[in-house]
Structures are given as C-alpha cells and as structure tokens.
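Here is how the chains run, residue by residue.
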Amino acid sequence: MTVQPGLHRQHCSVAAPTQLWLDPDGRLAGEVKAPGAGDSADPAGFTGLLHGDTRMLCRALVRVNGLEPEPATVETEPGGVLRVRGLVRGIPGPTEDPAVELLQTWTVTPGVVRHTLQLRTSLDSLDVEIDVALAADFTDMAQIRLSRFRDPSAPVSADESTLRWQEGGKTLAVAAPGAVTPEGHLAWRGTLGRGRPFEAEWQAVLTDHDDAVVAARPPAARPPRTGPAGALGLLLDNSLDDVAGLRLATRQLPDAPFIAAGAPWYFTLFGRDSLWAARLLLPLDTGTDNGLAAGTLRALAAFQGTRTDAAAAEEPGKILHELRSKELVLESQNLRLPPVYFGAVDSTPLWLCLLGELWRTGRDEDAVRSLLPNAARAAEWLLAAGATGTDGAADGAADDSTDGAAGNGGFLSYRDSTGHGLSNQGWKDSRDAMQFRNGRQAEGPIALSEVQGYAYQAAMETAELFDAFGEPGAQALRDFAAALRLRFRERFWVEDDGGPFPAMALDGHGVPLDIPGSNMGHLLGTGILDAAEARIVADRLVSPELFSGYGVHTISRRAAGFWPFSYHCGSVWSHDTAIAIRGLLADGFVAEARTLADGLIAAAASFGHRLPEVFAGVRAEDSSVAVPYPASCHPQAWSSASAVVIAQAMGVGL
C-alpha cells in the first residue's frame, strides 16, 4: 500500500487555482523520478508550483556562487506570501560570523507566482552570481498522491527572457528578462556591499485552458478587522486569509464563488466541503457582491443531477460530490471517478440547509428566489431517497434488506454499486470509517446518523421557504421530517455502560454501530433531537472517551479499531469538532461549546495558529502539543472556516 507524501512540515501558499509548496527548509528542490525508486513516499513530502490538478514547475533550486543557502527561517505573510531567509555560509567574511544573507520572497496570485531574491552582505564588496535551476514535469495530482513523479520535460521554447513549457492546454512560462541561459537556467551577476543589496526577480505564469475551475473574483474590500487579541485573534486572522486564498469559481459560472475543499489534494468544488465552509462563514457573508453562500449554491445548482447514471452516482435533483476536469483514478484505493461525480449522500440536504439559512439572513432574497426551482428538485430527491432507504436510484432499486424494521428503509442511505466509486459516501469516506465496537466493518447500504439530522433540518427549512414564497410541497416535507424524527429515535439510539447515545450509522441490515463516534455532534442544532437527547450528546462529546483535550475523536477510544493516526477512526478533524461547537451553541450548551473551542485554539497553536484538515488523536495529557497527521491538507476549507465558530463560542461578535 502506497503512503501519501507527508505535508505537515511543508510550507505552502495558495491563491486558487495556484499553489506553491516548499520543503521544510523553504526550498523548491523538487523530486525527480529516480530509476528504481518505486512507490515509497518521500518523507520530506513534495514541492512545486501547481495549477489546478497539475504540478507544473517541480524545481527552482537556488545557488549563490555555486553554494546552496543554509536555511534559517520561513515566514508566512497575508496575501499569499512566503519569505525564506537563509545564509550563504561558504562565502567567508572577516570574522567567523556569516557574511552573506539571502532573502527569498514568493508571492502567489491566481496564475502568477513571483520570486524575488535579495542578497545582503557585511563585506565592503562582493561579486556574486545567483543561479536558479528550473525543471517542469506536469505531474497529475493523482500521481503525486502515490508519490509517482514524471521525468522533467524540456522547454518547448526559450530565448534570453522567457522559458516556456506546454502540454496540451497547460502552459508554464517563466519570465526573467536577460537572465535565461542556454542551459535553461536563470542567472544574474552583480556586485553588492555593506548597505548595497543585490536583487533579482523572475515570475512564472501558469495556465490550464482545460481546467473545470478558475479563480473567483476577489470579494468586496473588507474593513480592517478589529478582532480579539492573542491566540484566538491569530487563528481568526490566519484562517480568513487562508479562506481568501481558496476562493474559486467554475468556468460555467465565473461570478459564483465557492471555497475549494483543500490544498493540495482537493483543490476544486466539493459539494459537502464547500457547503459546510459557506455555512460556517455565513456570519461574515454580506450576501452581496458575489456573496459566498449564494455563489456556492449557484455553482452547485448548475451541475444538479438530471438523470440516473450509476457510474456517476447521479440522480435527478441530486447535488454533486466533486468536480474535476477529467476522470480521477486512484489505483491504490480502487477508485475511478468521472469528472462530475455525485457519490455523496449528504450534499443535497446540506445544499437545502444552506439555502434556508441564507434566506433567514435576509441578505440575498433575489438569489434565494432564483434557486427555488433547484430547491424543488432537491426536495423531490430528498423525499424519494428517504422513502426508499437508499440514494440508490442509480442502483436501479433499493436493496431487499432495506425495507421496514429489518433494514434501513425510511432513512437516507448509500451504497456504491459500481465497485470503483466511494464505498463510504458521508464525510467519513475512507473504506474503514464505518465499523462496530469489535472493529468489524459495516456492510451497506449504510444510513449515517448525521445525514438524518441534515435531512430533518433540510426538510423543515425548505418547508418554511416554500411557504414564504408561495411554492407547493411544504406539507409533504413536514410530514417527512416528523416521520424521520420518530424513526430516528426508535432505531438509532443504543446504549452501553456509559448510557444511551445515537449510533454513528445503521448497517445494511438495520443494525446500529455499537460504538460512539463524533457523528453525533452533527445532530445538535438540526432539530432532530429533543432537549433531553441533546443533553446526552453534549455530555458524551466532552467526555474523555471522545474529547482528546484538543478536539473530538472521530470514534471512541474504546473501539477496537481506534488508532490516533487513522484518517477516520481515532483522529481529530477540525471541522468535525467545530460543527459540534456550532450545534452546542444552537442548543444552548455554551460551556460545553467553549470547552471544545478551547481545545481547538490550543491545537491551532501547534500548527502556527492555523487548523489543518485533521490531526492525530493523541490526548493533551499525553502530549503538550497537538500531533500532526502527516498527509493532512492545509489550508482546508471547512477547517479554516471553523475559526468563525470558535470565535462565536468564545463570545466574539462577528
């Protein structure tokens, strides 16, 4: 089994759809495909300039007078800037102190990356040559995830000012007037001295005419933030800066912004991720000037399902899971997903939830009105999926085991019928995510607890929306919600020696998974729980069984399959804990919300006052810092957006 490249020590800057990744020392040294290297992951991760789903530039190795600088610091600054400070120790000075410093500044904007180099010295005079060795490989993201890198390709054209590479609709142009050498390097010569620095600069322009996504228009200018001081203020400022770098739009609707799911693996439109990010950020959404909530809803509505297609998991009215420019093939996971893939059971109810929440703000009634036809189709899908017990119109028919009390009929559930789609289609989508106390994996069709909560809220929100706009169908949605709430209480609640709790899911035979998981936190605030049930969930979330001190474990520490470094079976996901905080606040559990918020603030301090996608489920009592999960995305949409909910829990008005 191939292990993904580590990311936790890498430095990155994003301005969607462009990404810069440097190694732990701040170098773009690159990995080039080595004979006999196999598929083992490089522990140093990967580096490069990426645009969309392709790494274009894989190497930009800097030398001064033939010497590599020794790294000192790497600093992240707002606006897509990374500063790398190093010392050129091989150039002697009059004392034993380093005599030459190199300051590199990388500035990332959509489609353009600028690299400036400034040399300073304590010497009276020094002749220098700066050399930058470049390489481009156009490696696809799916191959990078397997640590498989292509051989670098030669430029298709070169003159004294520009190097150009091209592959299909993808182009990379490196401009450095007067600095391009016959060997394809960049080289500058000059003299510097004390108080007289020497500077050089080049820039890369990256384009992909075949990509499904493009840079979104920047939002309206926001007044300077006067947020909280200290760790919370740093987290909020950094997170909102990260969110700004993740703004994308589709080629189909360039004026409908959304937040890309995460860098580097998921730098595109994901239904669930983009919807949750927009929901968490809703308190800051003006609803005007290409607002994020309306943009996310519109972008997803443009791809709403119109037919039944098992290969794409498409069904009429369904909201997509992910959008790519081409088929995604991950051999190690036996995945083969079409460019527009609908394999998510939760995207459609989450879309309806966001639409209802946007309407309640009163900020963009015109956008809400324009989406009512899409809401009607999504509501039809919701009612049909709930009635059959599977979003399995793509399967042809519901499984016989899903009728009545013997299965999971009456609940939204999922099952991949193709053998090469996602086997789990909720937010915990890895193959081993759904398991029983003894570690046995659940068989489908699987009905997730949180999805029933989303469905309940979606039905109730949409019913009120339809009534407000004079649309038909409200009563059918209310009837559906009432029946779902009753069935959920009867079928999902189980008990262990700690008392009752809602199961993570029902398996294909209707058997509840008998171990607590973080999914129960998503039920809070949806309305599917009564006050006493919500109290039980709140108490479980802050118990040592689920709360690590930094966040909520994805699964109970008592589960046989618990492992702190498991993607979904023991780790802590920032957004997962933040959604629980959001629900706790909605249901009035302020003290519990603050307990979890304090944990995430402490965790963020371990990651430069930012929250990664996921971190290891090592308890605070066992480690004074939150422990990284090596392949975690950062920045990541709903993790960065989580800072808003954390601030709300700590009493900050937004």
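Per chain, residue numbering runs from 1 following the sequence as it is written. Local features are withheld for residues below a pLDDT of 70 in this predicted model, meaning they are given only at 70 or higher, and side-chain atom pairs are given and counted only at 80 or more; totals for whole chains, interfaces and linings count all residues. Values reported for side chains reflect all heavy atoms of the structure, with hydrogen atoms and water molecules removed beforehand.

Caption draft 1: Main features of the overall build of the protein chain. Only DSSP runs of H or I covering at least 4 residues are called helices, and only runs of E covering at least 2 are called strands; the numbering of each starts at the N terminus. Scanning the protein chain from N- to C-terminus turns up 13 helices and 27 strands. For 654 residues, the compact-globule estimate of 2.2 N^0.38 gives 26 Å, and the C-alpha radius of gyration of the protein chain, at 26 Å, lies within 12% of that figure. Projected onto its principal axes, the C-alpha coordinates of the protein chain cover approximately 85 × 55 × 50 Å. Here the term buried applies to any residue with accessible area under 20% of the maximum for its type, exposed to any over 50%, and partly exposed to those in between, with areas from a 1.4 Å probe on protein chains only. Across the 654 residues that make up the protein chain, the buried fraction comes to 59%. Contacts between residues were defined by any pair of non-hydrogen atoms, one from each residue, lying within 4.5 Å. Contacts in the protein chain between residues far apart in sequence, at least 24 positions, make up 67% of those at least 6 positions apart. For the protein chain, the accessible area works out to roughly 23,600 Å², and carbon and sulfur atoms hold 51% of it. Residues counted as positive are Lys and Arg, residues counted as negative are Asp and Glu, and His and the chain ends are not counted. Working definition for charges: the position is that of NZ of Lys, CZ of Arg, CG of Asp or CD of Glu. Charge-centre separation for the protein chain: the mean point of 54 positive side chains lies 2 Å from the mean point of 80 negative side chains. Computation of the radius of gyration draws on C-alpha atoms, with the globule rule given as 2.2 Å multiplied by the number of residues to the power 0.38. What sets the accessible areas is the Shrake-Rupley method with a 1.4 Å probe; for residues, cover comes only from the shown protein chains.

Caption draft 2: View of the environment of Ala 602. Assignment of secondary structure puts Ala 602 in helix H12 (residues 590–605). What makes Ala 602 partly exposed here is its relative accessible area of 36%.

Caption draft 3: Quick peek at the sheet that holds strand E14 (residues 198–208). Criterion used throughout: strands pair if DSSP finds at least two bridges between them. Spatially, E5-E6-E7-E8-E14-E12-E11-E10 is the arrangement adopted by the eight strands of the open sheet, whose pairing is antiparallel. Two strands bound the open sheet, and with one partner strand each, they are strand E5 (70–77) and strand E10 (157–158). Judged from the six bridges that link them, strand E12 (residues 170–175) and E14 form a sheet pairing that is antiparallel. When the sheet's bridge partners are listed, Leu 172 is paired in E14 with Leu 206.

Caption draft 4: Up close: the nonpolar core. In plain words, nonpolar cores are sets of buried Ala, Val, Leu, Ile, Met, Phe, Trp, Tyr and Cys residues tied together by side-chain atoms within 4.5 Å. Counting 165 residues, the largest nonpolar core has Trp 351, Leu 382, Leu 412, Met 434, Ile 581 and Ile 646 as the members making the most contacts within it. Among all residues touching Ile 581, those that are not within four sequence positions of it are Ala 593, Leu 596, Ala 597, Leu 600, Val 645, Ile 646 and Ala 649. Among the nonpolar cores identified, the runner-up in size contains 45 residues, and Leu 22, Val 108, Leu 186 and Phe 198 belong to it.

Caption draft 5: Here's a closer look at the pattern of salt bridges. Salt bridges are defined by distance alone: a side-chain nitrogen of Lys or Arg within 4 Å of a carboxyl oxygen of Asp or Glu. For the coordinates displayed, the defined rule picks out 39 salt bridges. For Arg 85, the salt bridge identified is with Glu 75, shortest N-O distance 3.9 Å. Note that Arg 85 is positioned in strand E6 (residues 81–87) and Glu 75 in strand E5, a separation of 10 residues in sequence. Overall, the relative accessible area of 33% leaves Glu 75 in the partly exposed class. A salt bridge links Lys 326 to Asp 140; the nearest nitrogen and oxygen atoms lie 2.9 Å apart. With Lys 326 in the loop between strand E18 (322–323) and strand E19 (328–330) and Asp 140 in strand E9 (residues 126–140), this residue pair connects regions lying 186 residues apart in the sequence. Look at the salt bridges and you will find they share partners, linking Arg 437, Asp 496, Asp 497, Arg 540, Glu 545 and Arg 558 into a network.

Caption draft 6: Spotlight on the sheet that holds strand E15 (residues 213–215). One open sheet holds the three strands; their spatial order is E15-E16-E17, and the pairing between them is antiparallel. Taken across any chain shown, the strands that pair with only one partner, and hence form the sheet edges, are E15 and strand E17 (258–259). Here E15 pairs with strand E16 (residues 247–250) via three bridges, running antiparallel. From the neighbouring strand, Val 214 faces E16, where its bridge partner is Ala 249.

Caption draft 7: Here's a closer look at helix H10 (residues 531–541). For H10, every residue scored as buried is listed here: Glu 533, Ala 534, Val 537, Ala 538, Arg 540 and Leu 541. The buried residues of H10 occupy an angular sector of 165 degrees when projected down its axis, which confines them to one face. H10 presents Ala 531 and Ala 532 as exposed residues on the side facing more than 90 degrees away from its buried surface. If you follow the buried residues of H10, they end up packed against helix H9 (474–491), strand E23 (493–496), strand E24 (499–502), helix H11 (574–586) and H12. What qualifies as a polar contact is a pair of N or O atoms within 3.5 Å, subject to a donor-acceptor requirement within protein and to the restriction that residues adjacent in sequence count only when both atoms come from side chains. Sitting at the amino-terminal end of H10 is Asp 530, which places a side-chain oxygen 3.2 Å from the backbone nitrogen of Ala 532. When we speak of the arc, we mean the arc of directions from the helix axis to the C-beta atoms.

Caption draft 8: Inspection of the pairing of E5 at higher detail. Pairing geometry for E5 and E6, over seven bridges, is antiparallel. When the sheet's bridge partners are listed, Glu 77 is paired in E6 with Val 81. Where E5 folds back on E6, the antiparallel hairpin that results is connected by three residues, among which Gly 79 adopts a positive phi of roughly 85 degrees.

Caption draft 9: Up close: H12. One less than the number of residues in a helix, times 1.5 Å, gives the span that helix is expected to have. For H12, spanning 16 residues, the distance from its first C-alpha to its last is 23 Å, which sits close to the expected 22 Å at 1.5 Å a residue. Listed as buried for H12 are Glu 592, Ala 593, Leu 596, Ala 597, Gly 599, Leu 600, Ile 601, Ala 603 and Ala 604. Buried-residue contacts for H12 involve helix H2 (230–245), H10, H11, strand E27 (614–615) and helix H13 (637–649).

Caption draft 10: Region of the structure containing the packing of aromatic side chains. Pairing of aromatic side chains here covers Phe, Tyr and the six-membered ring of Trp, requires ring centres within 6.5 Å, and sorts the geometry by plane angle: under 30 degrees stacked, over 60 edge-to-face, intermediate tilted. Using the criterion set out here, one finds 13 aromatic pairs in the structure. Ring plane angle 85 degrees and centroid distance 5.8 Å describe the contact between Trp 106 and Trp 202, whose orientation is recorded as edge-to-face. Separated by 96 residues along the polypeptide, Trp 106 in strand E7 (residues 100–109) and Trp 202 in strand E14 bring together distant segments of the chain. Per residue, the accessibility class of Trp 106 equals that of Trp 202, and both read buried.

Caption draft 11: Looking closely at the confidence of the model for the protein chain. Confidence scores per residue from the predictor, reported as pLDDT, run from 0 to 100. Of the residues in the protein chain, 93% reach a pLDDT of 70 or more, and the chain-wide mean stands at 92. Within the model, the stretch residues 32–41 combines pLDDT values under 50 with 14 contacts to residues more than four positions away or in other chains. Here residues 392–406 is modelled with pLDDT under 50, and outside its nearest four sequence neighbours on either side it reaches 34 contacts, counting other chains as well.

Caption draft 12: Quick peek at the pairing of strand E4 (residues 54–64). Taken across its 11 residues, E4 has nine buried, putting it largely inside the fold. Linking strand E3 (residues 48–51) back to E4 in an antiparallel pair, the connection comprises two residues, with Gly 52 at a positive phi of about 65 degrees. Examined bridge by bridge, E4 and E9 share nine bridges and lie antiparallel to one another. When the sheet's bridge partners are listed, Arg 63 is paired in E9 with Asp 131.

Caption draft 13: Up close: the packing of helix H5 (residues 347–361) against helix H7 (residues 372–388). With axes taken as lines fitted to C-alpha atoms, and helix axes fitted only over the stretch in contact, angles between N-to-C directions fall between 0 and 180 degrees. Close contact between H5 and H7 brings their axes to 10 Å; oriented N to C, the two are set at 135 degrees. As the angle between them shows, H5 and H7 are arranged oblique. When the axes of H5 and H7 are compared, the crossing they make is left-handed. The residues of H7 that touch H5, namely those facing Thr 348, Pro 349, Trp 351, Leu 352 and Leu 355, are Asn 374, Ala 375, Ala 378, Ala 379, Trp 381 and Leu 382. The classification used treats Ala, Val, Leu, Ile, Met, Phe, Trp, Tyr, Cys and Pro as nonpolar, Asp, Glu, Lys and Arg as charged, and all other residues, Gly among them, as polar. Of the residues in the contact of H5 with H7, the class split is nine nonpolar, two polar and no charged. By definition in this entry, angles of less than 35 degrees are roughly parallel, angles greater than 145 are roughly antiparallel, angles of 65 to 115 are roughly perpendicular, and the rest are oblique. Crossings are sorted by hand: turned counterclockwise from the far helix by less than a right angle, the near helix makes the crossing left-handed, and turned clockwise it makes it right-handed.

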